[in-house]
Amino acid sequence: MSNIAETIGNFLGQTAFSNLYWGNYVMIGVACVFLYLAIKKGYEPLLLVPIAFGMLLVNIYPDIMLAAEDAENGVGGLLHYFYLLDEWSILPSLIFMGVGAMTDFRPLIANPISFLLGAAAQIGIFSAYFLAILMGFDGSAAAAISIIGGADGPTSIFLAGKLGQTDLMGPIAVAAYTYMSLVPIIQPPIMKLFTTKKERSIKMGQLREVSQLEAILFPIVVTIVVCLILPTTAPLVGMLMLGNLFRECGVTKQLSETAQNALMYIVVILLGTSVGASTSAENFLKMTTIKIVVLGVVAFALGTAAGVLFGKLLCRITHGKINPLIGSAGVSAVPMAARVSQKVGAEEDPTNFLLMHAMGPNVAGVIGTAVAAGVFMAVFGV
């Protein structure tokens, strides 16, 4: 009987119930909410499902993120090795290659003024940086947090790693991806607040046709110009433009298809689950996390507002030829932010098609957020 009791005791001691505390159950609940939003509501399921499942796993079995140096046998947890690829900036850079291969830059080339709208939306990032300083974060931490305003998960992870903010990477990444998923909820009220019905109903003229030569030269020229000025952006901007060159050059169809599909989805799985697994209760349930979440939504809201307000300015300058709604797409949540611009415009006039016009600021925002990250790295000497 004593052997049976000991066996049962050993078994019960190995269950998760005997090793978890209330915080783990809170995080398990949060993971289930994220899964509901992804599966039932359709909020960026390709991102939220792996993130939520990684969150679920680490709060049931924390050793799945155990570092190799802390393990008795020298072998770390499965998701620890995935997470190292985040810290080393490998996965964010590969994500950018896939995004580049999937993105059509022609709307931006056809309407270069979109660059200004994408740049205006980065005001949210720099405003949040100074606000984070006021809230007690040091310069590097404030920079890593503020980049959430671009609603760009890979750049947020990349910058946090480069600035040595690995302790904050989990909350920063989760906040960034959460706001990417909630773009259709967060942006419309801000867009409607700063625009009139008449402005939202403005129809924009058809974009000019962009030649293949222009499409091929664009990624090459952008890489040369941006990386000469900010060499530290090469892993992000370089991979983004390499992916786009695969798409546009016409002789690398297989590489383009691989970057868009197989490689992209593999990287999303690895990145999503490892980001989710960085949110153990011990690391996530802190006052710092609440500050990061608040700063993130402030940065994102300010970026959206700045893009819309600059769109209003361009609307005035061009005598009503630009719909201010496309300015909200200057955050780099591609293509969700552009779709929101289309949706809000169509609510006023179902015959109004703003999607392609909004894609210009949207892809400009991707470049702009990467440049903002490069500026922070240059400031802090990374």
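Residues numbered from 1 in each chain as written. Predicted model: local features only at pLDDT ≥ 70, side-chain atom pairs only at ≥ 80, totals over all residues. Heavy atoms only, no water.

A. How the structure looks around helix α10 (residues 153-162). For α10, the buried fraction is high: nine of the 10 residues fall into the buried class. Every buried residue of α10 is listed here: G153, P154, T155, S156, I157, F158, L159, A160 and G161. Count one or two residues on from α10 and you reach G164, which has phi positive near 75°. (Buried < 20%, exposed > 50% of the residue type's maximum accessible area, 1.4 Å probe, protein only. Helix = DSSP H or I, 4+ residues; strand = E, 2+ residues; numbered from the N terminus.)

B. Highlighting the state of the cysteines. Under the counting rule described, the total for this entry stands at zero disulfides. Left without a disulfide partner, C249 is nearest to the cysteine sulfur of C227, which lies 18 Å away. (Disulfide = S-S within 2.5 Å.)

C. Inspection of the packing of helix α3 (residues 45-60) against helix α17 (residues 262-277) at higher detail. One can describe the packing of α3 onto α17 by two numbers: an axis separation of 6 Å at closest approach and a directional angle of 40°. What the angle tells us is that α3 and α17 run oblique. Read as a crossing pair, α3 and α17 show a hand that is right-handed. Counting all contacts with α3, which are made through L46, L47, P50, I51, G54, M55 and V58, the residues of α17 involved are Y265, V268, I269, G272, T273, V275, G276 and A277. Across the contact of α3 with α17, the residue classes tally to 11 nonpolar, four polar and no charged. (Axes fitted to C-alpha atoms, helices over the stretch in contact; angles between N-to-C directions. Parallel < 35°, antiparallel > 145°, perpendicular 65-115°, else oblique. Left-handed = near helix turned anticlockwise from the far one by under 90°. Contact = heavy atoms within 4.5 Å. Nonpolar A, V, L, I, M, F, W, Y, C, P; charged D, E, K, R; others polar.)

D. Region of the structure containing α17. Across its 16 residues, α17 extends 23 Å between first and last C-alpha, which sits within 8% of the 22 Å expected from 1.5 Å per residue. For α17, every residue scored as buried is listed here: M264, V267, V268, L270, L271, G272, T273, S274, V275, G276 and A277. Packing partners of the buried residues in α17 comprise α3, α4 (78-87), α5 (90-102), α10, α11 (166-181) and α16 (253-260). (Expected span 1.5 Å × (residues − 1).)

E. Summary view of the packing of helix α20 (residues 336-348) against helix α21 (residues 355-379). Axis separation between α20 and α21 bottoms out at 8 Å; the angle between their running directions is 140°. The crossing of α20 and α21 is right-handed. In contact with M336, A337, A338, R339, S341 and Q342 of α20, α21 contributes L355, A358, M359 and N362. A class-by-class count of the residues in the contact of α20 with α21 yields six nonpolar, three polar and one charged.

F. Main features of empty space enclosed by the protein. One pass over the full model with this rule turns up one cavity of 30 Å³ or more. In this structure, the largest cavity occupies an estimated 30 Å³ of space. In this structure, the largest cavity is lined by E44, M180, A333, V334, P335 and M336. Per-class residue counts for the lining of the largest cavity are five nonpolar, no polar and one charged. (1 Å grid on protein atoms, 1.4 Å probe; cavity = no way out; pocket = protein on both sides within 12 Å on 5 of 7 lines; lining within 4 Å. Points joined across faces, edges and corners; volume = space filled by probe spheres on them.)

G. Summary view of the layout of surface pockets. In this structure, the largest pocket spans a volume of roughly 760 Å³. Taken together, 31 residues line the largest pocket, and the ones lying closest to its centre are V99, M102, M264, V334 and P335. Grouping the constituent residues of the lining of the largest pocket by class yields 24 nonpolar, three polar and four charged. For the second largest pocket, the lining is made up of 24 residues, of which M65, D167, S278, S280 and N283 are closest to its centre. Going through the elements one at a time, α4, α11, α18 (281-284) and α19 (287-317) are the ones with two or more residues in the lining of the second largest pocket. For the lining of the second largest pocket, the element with the highest residue contribution is α11, accounting for five residues. Of the residues belonging to the lining of the second largest pocket, the class tally is nine nonpolar, eight polar and seven charged.

H. Looking closely at the packing of aromatic side chains. Within the structure shown, the criterion is met by six aromatic pairs. Relative to F376, the ring of Y129 lies with its centre 5.2 Å away and its plane at 45°, an arrangement referred to as tilted. Linking Y129 in helix α8 (residues 123-134) with F376 in helix α21, this pair joins segments that are 247 residues apart in sequence. Both residues of the pair, Y129 and F376, belong to the buried class. (Phe/Tyr/Trp six-rings, centres within 6.5 Å; stacked < 30°, edge-to-face > 60°.)

I. Focus on a nonpolar patch on the surface. Taken together, L213, L217, I220, V221, I224, V225, L228 and I229 make up a surface patch of nonpolar side chains, about 770 Å² in accessible area. Structurally, L228 is set in helix α14 (residues 212-229). Classification of L228 by relative accessible area gives exposed; the value is 67%. (Patch = residues over 30% accessible without salt bridge, like charges linked within 9 Å, V, L, I, M, F, W, Y side chains within 5 Å. Areas by Shrake-Rupley, 256 points an atom, 1.4 Å probe, with all protein chains shown as cover. Salt bridge = Lys/Arg side-chain N within 4 Å of Asp/Glu carboxyl O.)

J. A look at the environment of M241. By the secondary structure assignment, M241 is in helix α15 (residues 234-248). Sequence spacing of M241 and G272 is 31 residues, and the spatial spacing of their C-alpha atoms is 23 Å. Every residue in contact with M241, bar those within four places of it in the chain, is listed here: F105, F218, P219, V222, T223 and I367.

K. Broad picture of unusual backbone geometry. The omega torsion across V334 and P335 is -10°, close enough to zero to call that bond cis. The backbone of S89 sits at a positive phi, close to 65°, despite the residue not being glycine. In this structure, S89 sits in the loop between α4 and α5. We classify S89 as buried; its relative accessible area is 6%. Its identity as a non-glycine residue notwithstanding, H319 has a phi of 60°, on the positive side. Within the fold, H319 resides in the loop between α19 and α20. What makes H319 exposed here is its relative accessible area of 74%.

In short, geometric facts, not functional conclusions.
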